[in-house]
Amino acid sequence: MKKIFISGVLLLCSLTSYGQTSIIMDAKGSDQQISRHIYGHFAEHLGRSIYGGFYVGEDNTKIPHVNGVRKDVIAALKNLNIPNLRWPGGCFADTYHWKDGIGPKDQRPTIVNTWWGGVTENNSFGTHNFLNLCEILETEPYLAGNVGSGSVQEMMDWVQYTNSKEGNPMSKLRQENGRAEPWQVKYWGIGNEPWGCGGNMDAEFYANLYKQYATYMAGGYLDGGIYRIASGPAGDDYNWTEVLMKKIPLSLMEGIALHHYAVTDWNAKGPSTTFDEKQYFGTMRQALLMNELVEKHSAIMDKYDPEKKIGLVVDEWGGWYEVEPGTNPGFLYQQNTMRDAMIAGATLNIFNNHSDRVRMANLAQTINVLQAVILTDEEKMLLTPTYHVMEMYKVHQDATLLPLQVKSAEYQLGDDKLQAVWTSASRNKQGVTHISLVNVHASKAQEISIDIKGASYKKLSGRILRSKKLQDYNTFENPNLITPQAFKDAKLKGNTLTLKVPPFSVVVLALE
Ligand code: AHR
């Protein structure tokens, strides 16, 4: 009898045992603003991202559209308040000649998209389509220019075409193509991954080339100048950042990019939905490495730029798995589960907390490619768990960062350990405080207590994104399996907030 009682107690303990996490929140605030540009997106001419994703053609009679761009996609992205959109690549950018994509469509050259599936690119979606779309979305365009196979002249012409009001050959050409006013593009990427698909260069060679491009783009016909982004390192290539910071004068550069994907093994990326806990743990370890990458690259930048004038622009991030069975391997089409919600939630918290240096970021990619927020199938469209995280987190855009001290429980698998709880907090212009929390633990809920210093609140509400299984995802048949729900498991008593966060879930709290 005694034995049964003891094992019963043990069982109960293991069922109800929580990880314990304690947080101190400095609610007085900081002088740090979380740039809305951290919540940026990326659309490459890759697979069904542009064609079938954004753009279905002006003559399409089946799918409702505005100038060929899907109306359902426009509405979904507007709801995210997307602050910027990077285009046309990626690797594609260094093969792209922008003049192929302007003028009468029947006269545009057709090319082969050599990076992505060897498919025909008919250039029917070009500069006008993209920049007009950005206007509809009320988002800032971020153009990635061709350094690998382009020229300084081609880049200068593109800047002149998009930004010069009148009196120049390119502004005249733009007007002849039906657009009177310039679009005033501020964000310009100078190449993409020059250490790889962008030309296989070393850092010294690229730094010299960069200076040449940046010199002739200076000003860019904009009051206050354009924002030039140097192609930065892959993951932990700290030497790349060091060389760029050393060789490029601060007056020639506004940002340095960083690319990091949550991939466990580039030769065996694993399935997007039928993964086991070991694969999940490995993916999360890679995703959470972002914290270290951002800190170490920032520390190098601090040596040369102590005033933090130059932004770290993480313009490609997200999970990368094997493509969905039966789809073109060059199209990078993958499903999106609660694992992706974990990556998104934790990564965005990392960016928020490092917003003194991280000024911009772009999830790869928006539609039908890699960690997409939207998937389409002909006239059908669905929103992924990653979309819902972005939507829940939009409250942080341009809000003031509230510093947190976190003592998190651990998520242990075998001999390996990860921090279980990833969180950030901010106060918006209306005075509402938001705390976003992610419990990446695959099986253990977290009991979290937050000690609030420097403010008191009367009202508390929250939302949660969760599902029964980590491997769950939204399908075209069941698009709303995973959507945010009201969160009731938080209590505010005086200056102490306590909450229970289930395994693999994302919570956003609002305090007033
Ligand atoms: O996002 C897919 C590809 O990943 C991009 O084209 C390239 O920049 C990166 O290697």
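Coordinates for the structure precede this section.
Residues numbered from 1 in each chain as written. Predicted model: local features only at pLDDT ≥ 70, side-chain atom pairs only at ≥ 80, totals over all residues. Heavy atoms only, no water.

Draft legend 1. Inspection of the overall build of the protein at higher detail. In terms of helices and strands, the protein carries ten helices and 27 strands. Here the C-alpha radius of gyration of the protein, 23 Å, is about what a compact globule of 512 residues would show, namely 24 Å. Nonlocal contacts in the protein, meaning residues at least 24 apart in sequence, comprise 75% of its contacts between residues at least 6 apart. Surface exposure of the protein reaches about 20900 Å², of which carbon and sulfur atoms provide 51%. For the protein, the centre of its 50 positive side-chain charges and the centre of its 54 negative side-chain charges are spaced 8 Å apart. (Helix = DSSP H or I, 4+ residues; strand = E, 2+ residues; numbered from the N terminus. Rg over C-alpha atoms; globule rule 2.2 N^0.38 Å. Contact = heavy atoms within 4.5 Å. Areas by Shrake-Rupley, 256 points an atom, 1.4 Å probe, with all protein chains shown as cover. Lys, Arg positive; Asp, Glu negative; His and termini not counted. Charge placed at Lys NZ, Arg CZ, Asp CG, Glu CD.)

Draft legend 2. Seen up close, the environment of F42. Its location among the elements puts F42 in strand β2 (residues 40–42). As for F42 and W87, which are separated by 45 residues in sequence, their C-alpha atoms are 6.3 Å apart. The contacts of F42, once residues within four sequence positions are left out, are L85, R86, G89, G90, D315, E316, N362, L363, A364, Q365 and T366.

Draft legend 3. Summary view of the pattern of salt bridges. For the structure shown, the criterion picks out 26 salt bridges. For the salt bridge of E316 with R86, the shortest nitrogen-to-oxygen distance reads 2.9 Å. Of this pair, E316 sits in strand β12 (residues 311–319) while R86 sits in strand β5 (residues 84–87), placing them 230 residues apart in sequence. Both residues of the pair, E316 and R86, count as buried. As a salt-bridge pair, R463 and E391 come within 2.9 Å of each other at their nearest N and O atoms. Of this pair, R463 sits in strand β23 (residues 460–465) while E391 sits in helix α10 (residues 385–393), and the two are 72 residues apart along the sequence. (Salt bridge = Lys/Arg side-chain N within 4 Å of Asp/Glu carboxyl O. Buried < 20%, exposed > 50% of the residue type's maximum accessible area, 1.4 Å probe, protein only.)

Draft legend 4. Broad picture of the nonpolar core. Core analysis: the biggest nonpolar cluster contains 143 residues, and M25, F54, W317, M342, F351 and L499 have the highest contact counts within it. Those residues in contact with F54, other than ones at most four positions away along the chain, are A43, S49, G68, V69, R70, V73, L77, L85, L133, T366 and I367. In this structure, Y142, Y187, I229 and A257 belong to the second largest nonpolar core, which totals seven residues. (Core = buried A, V, L, I, M, F, W, Y, C linked by side-chain atoms within 4.5 Å.)

Draft legend 5. Quick look at the state of the cysteines. All chains considered together, the criterion is met by one disulfide. Sulfur-sulfur distance for the disulfide between C91 and C197 comes to 2.2 Å. Because the sign of the S-S torsion sets the handedness, a value of about -90° for the bond joining C91 and C197 places this disulfide among the left-handed ones. Linking C91 in the loop between β5 and β6 (111–113) with C197 in the loop between β9 (187–190) and α6 (203–217), this pair joins segments that are 106 residues apart in sequence. The same class applies to C91 as to C197, namely buried. (Disulfide = S-S within 2.5 Å.)

Draft legend 6. Here's a closer look at the side chain of R357. Mapped onto the elements, R357 comes out in the loop between α9 (338–353) and β13 (358–364). Not counting residues within four places of it along the chain, the set of residues in contact with R357 comprises S298, M301, D302, D305, K308, K309, I310, G311 and L312.

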